[in-house]
Amino acid sequence: MKENKETPEERRERVRQEERQGDPLGNLKDSSERAKYGSLVDLVGGLNWKVTLVILLILIIGVIGYGLFF
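I will try to describe carefully the structure that is included in this document. Keep in mind that what you see is a predicted model, and the values were worked out from it rather than measured.

## What about the pattern of salt bridges?
(1) Moving on: Scanning the model with the defined rule gives four salt bridges in all.
(2) Moving on: Ionic pairing is found between Glu6 and Arg14, a salt bridge with its closest N-O pair at 2.9 Å.
(3) Moving on: Using a relative accessible area of 29% as the deciding quantity, one classes Glu6 as partly exposed.
(4) Moving on: A salt bridge links Glu18 to Arg14; the nearest nitrogen and oxygen atoms lie 3.3 Å apart. You can see Glu18 and its partner Arg14 sitting in helix H1 (residues 8-22), four residues apart, about one turn around the helix.
(5) Moving on: Note on Glu18: relative accessible area 45%, which makes it partly exposed.

## Here we look at the packing of aromatic side chains
(1) Moving on: Across all of its chains, the model carries one aromatic pair by this definition.
(2) Moving on: Each ring, one from Tyr66 and one from Phe70, has its centre 5.1 Å from the other, and the planes form 40°; the classification is tilted. Comparing Tyr66 with Phe70 shows no difference in burial state: the two are exposed.

Conventions we followed
- Residues numbered from 1 in each chain as written.
- Predicted model: local features only at pLDDT ≥ 70, side-chain atom pairs only at ≥ 80, totals over all residues.
- Heavy atoms only, no water.
- Salt bridge = Lys/Arg side-chain N within 4 Å of Asp/Glu carboxyl O.
- Buried < 20%, exposed > 50% of the residue type's maximum accessible area, 1.4 Å probe, protein only.
- Helix = DSSP H or I, 4+ residues; strand = E, 2+ residues; numbered from the N terminus.
- Phe/Tyr/Trp six-rings, centres within 6.5 Å; stacked < 30°, edge-to-face > 60°.

Listed below in structure tokens is the structure:
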């Protein structure tokens, strides 16, 4: 028998789709907020963990640098 194994990304997307189908008004609110502010989940979900780590390090170094100079 062939087993259908989902990747974590596929599982998250399937759960997200199920939630959208169950609560259409909540989906409308979530969609409008994502359109305004963006979504960290969507940003990080498409990136490799190493790229995510580099982005976080750059942000942390930037905050520390800002604190030292201002």
